[in-house]
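Take a look at the letters that make up each chain.
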Amino acid sequence: MKKVLFTHMVSILLVTLFVAGLLLAIPRNLSKTTSAGDAQLNNYLQLKFLNINNPFQLALLQDVLDAAEPEGVQAHNSLITRLKNYETRQLEMMSRGAITRQELTWNRFFSLLLMFFRFLAIYLAVLFITYYAVETLAVYRFISTQADRPAFGHQMLNIWGRWLGHDPSLKKISLVGSFITLLFKTAVKALAYLVLFAPAYVIAYSVKSDFETSSDLFMILLAVFSNGLLLTYSNKFYTFLRNEARKGYVETARVKNLDARWEIDVEQGISHKRILHPLKDFQGHILQHIFINARFQYVNSIKEQASFLITGLMIIEMALNIHKHLSYELLQQILYRNYSIVLVILILIFYLVKFTEIGVDMLRFKWMKKIGM
């Protein structure tokens, strides 16, 4: 483990020194001309709770200003118009070389740190939620497979065959009810697959007028239930479970008279409570050994899952133009050619990736000691 940690620390040190060298090499005062700026506009742009890309917030701001100063309605209209056109104007000024490029100051650095910690909090929340969901979905699917439950389509075909039969004692009304229930479940499942595999920005723009899409809660939900993240990695965990179930120690566990029924909520079976528990424990059932070994096999995939998640969060913030978030700030500073700020954001994201890898390696080492490897 010490060798692994040493390798990570060396890579972090080398990349840090390289970025520090680039920061020192970037010349100061890159622009030849400066913009005088608009003090009044800047005062409103500095408001952390105001998103100038949100029409509702701008309309609310105008109503508040009109109520406070009824005589300044025309000035308020002008202000709102300038706020709406702010980003377009910034890009035009940048293309003409008439915009001041920002230097990396301590105040700017601390504001970037605040954005990073906000990004970190969202990232950790989504990572823990998705890891729990991946385990739960994979275990539930594995139990269903082991119990040999027929798929909804097979059940519907079976009901249709019974309907066409000539058994006079058959209650066809109950068959209709069962068929409709299965049809509804199939539709819900298809809709769930459609949402879970949809790109995050497609879902976001489809509900943009109904929800506050710049909220952290919305970002967490969007990152969890989009981009195929849950299904991709739950399938991977499920594959590990299937592979482990074929190994010889499973038969040894059967000989030791461990519970081996795969029905849910039955005697010697598995309860829903144990499946849904955040810290899964199937003591007394052969699933315990299968699950522990599959989880150990999956642990390295957490690195891949985390990288996938970081990329997804960055795309969400950029695609939705969420102001005062790290990824949108990165996109904006690239457009403004403020490369020193861009380098700081990139090194912060690099640290996040590396420390996630260190955490996963430490977790793997802990589990190796636990199972005696």
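This text follows the structure it describes.
This structure is a prediction, so every number in the text was calculated from the model and none was measured.

J.: Can you break down the overall build of the chain residue by residue, with the values?
T.: Counting secondary structure elements, the chain contains 17 helices and 0 strands. Across the 373 residues that make up the chain, the buried fraction comes to 38%. For the chain, the share of sequence-separated contacts (at least 6 apart) that also reach a separation of at least 24 residues comes to 76%. Summed over all atoms, the accessible surface of the chain reaches about 22000 Å², with 64% contributed by carbon and sulfur.

J.: Describe the environment of Leu113, naming the residues involved and giving the relevant values.
T.: Mapped onto the elements, Leu113 comes out in helix H6 (residues 106-146). Taking the C-alpha atoms as reference points, Leu113 and Ile345, separated by 232 residues in sequence, lie 8.8 Å from one another.

J.: Any chance you could break down the packing of aromatic side chains for me, citing the residues and the numbers?
T.: Counted according to the given criterion, the structure contains 12 aromatic pairs. Here a set of aromatic residues connected by ring pairs shows up, and it is made of Tyr131, Phe237, Phe240, Phe282, Phe291 and Tyr298. The ring of Tyr238 is capped by Arg141, whose NZ or CZ atom sits 4.0 Å from the centre of that ring. Here the guanidinium or amino end of Arg295 rests over the ring plane of Trp367, the centre of that ring lying 4.4 Å away.

J.: So what's going on with the packing of H6 against helix H11 (residues 229-245)? Residues and values would help.
T.: Here H6 crosses H11 at 50°, and the two axes come no closer than 8 Å. Taken together, the axis directions place H6 and H11 in an arrangement best described as oblique. As H6 packs across H11, the resulting crossing turns out to be right-handed. Between H6 and H11, the contacting residues are Thr130, Ala133, Val134, Glu135, Leu137, Ala138, Val139, Arg141, Phe142 and Thr145 on the first element and Leu229, Leu230, Tyr233, Ser234, Asn235, Phe237, Tyr238, Leu241, Arg242 and Ala245 on the second.

J.: Can you break down helix H1 (residues 2-25) residue by residue, with the values?
T.: The end-to-end C-alpha separation of H1 is 34 Å, in line with the 34 Å expected for 24 residues at 1.5 Å each. Every buried residue belonging to H1 is among His8, Ile12 and Val19, and all of these are buried.

J.: Before we move on, can you summarise a nonpolar patch on the surface with the specific residues and values?
T.: Together, Leu191, Leu194, Val195, Leu217, Leu221 and Phe225 line one region of the surface with nonpolar side chains, adding up to about 580 Å² of accessible area. When residues of the nonpolar patch are assigned to their parent elements, the largest contribution, 3 residues, is made by helix H8 (residues 172-197). Locating Phe225 in the fold gives a position in the loop between helix H10 (216-224) and H11.

J.: Go over the environment of Val73, please, and point to the residues and values.
T.: Mapped onto the secondary structure, Val73 falls in helix H4 (residues 73-84). Along the primary structure Val73 and Gln62 are separated by 11 residues, whereas in three dimensions their C-alpha atoms are 8.5 Å apart.

J.: How would you sum up the pattern of salt bridges? Please name residues and give values.
T.: Tallied over the full model, the rule gives 7 salt bridges. A salt bridge links Arg261 to Glu263; its shortest N-O distance comes to 3.4 Å. Given a relative accessible area of 36%, Arg261 falls into the partly exposed group. Of the residues examined, Glu263 reaches a relative accessible area of 35% and is grouped as partly exposed.

J.: For the packing of H6 against helix H16 (residues 326-335), give the residues involved together with the corresponding values.
T.: Between H6 and H16, the shortest axis-to-axis distance is 8 Å and the interhelical angle comes to 135°. Regarding the angle of H6 to H16, the classification is oblique. Of H16, the residues touching H6 (which contributes Arg108, Leu112, Met115, Phe116 and Phe119) are Leu326, Ser327, Glu329 and Gln333.

J.: I'd like a rundown of unusual backbone geometry, residues and numbers included.
T.: Negative phi characterises most residues that are not glycine, and trans characterises most peptide bonds. You will see that Asn227, though not glycine, has its phi angle at about 65°, which is positive. One can find Asn227 in the loop between H10 and H11.

J.: Explain the side chain of Ser226 to me, and be specific about the residues and the numbers.
T.: Topologically, Ser226 is positioned in the loop between H10 and H11. Judged by its relative accessible area of 0%, Ser226 falls in the buried class. Every residue in contact with Ser226, bar those within four places of it in the chain, is listed here: Val195, Leu196, Ala198, Pro199, Ala200 and Ile203.

J.: Report on the environment of Leu348, specifying residues and quantitative values.
T.: Among the secondary structure elements, Leu348 is positioned in helix H17 (residues 339-370). For Leu348, a relative accessible area of 9% corresponds to the buried category. As a C-alpha pair, Leu348 and Leu112 span 236 residues in sequence and 9.3 Å in three-dimensional space. For Leu348, the residues in contact, after removing those within four places along its chain, are Leu112, Leu113 and Phe116.

The rules behind these values
Residues numbered from 1 in each chain as written. Predicted model: local features only at pLDDT ≥ 70, side-chain atom pairs only at ≥ 80, totals over all residues. Heavy atoms only, no water. Helix = DSSP H or I, 4+ residues; strand = E, 2+ residues; numbered from the N terminus. Buried < 20%, exposed > 50% of the residue type's maximum accessible area, 1.4 Å probe, protein only. Contact = heavy atoms within 4.5 Å. Areas by Shrake-Rupley, 256 points an atom, 1.4 Å probe, with all protein chains shown as cover. Phe/Tyr/Trp six-rings, centres within 6.5 Å; stacked < 30°, edge-to-face > 60°. Lys NZ or Arg CZ within 6 Å of the ring centre and 35° of its normal. Axes fitted to C-alpha atoms, helices over the stretch in contact; angles between N-to-C directions. Parallel < 35°, antiparallel > 145°, perpendicular 65-115°, else oblique. Left-handed = near helix turned anticlockwise from the far one by under 90°. Expected span 1.5 Å × (residues − 1). Patch = residues over 30% accessible without salt bridge, like charges linked within 9 Å, V, L, I, M, F, W, Y side chains within 5 Å. Salt bridge = Lys/Arg side-chain N within 4 Å of Asp/Glu carboxyl O.

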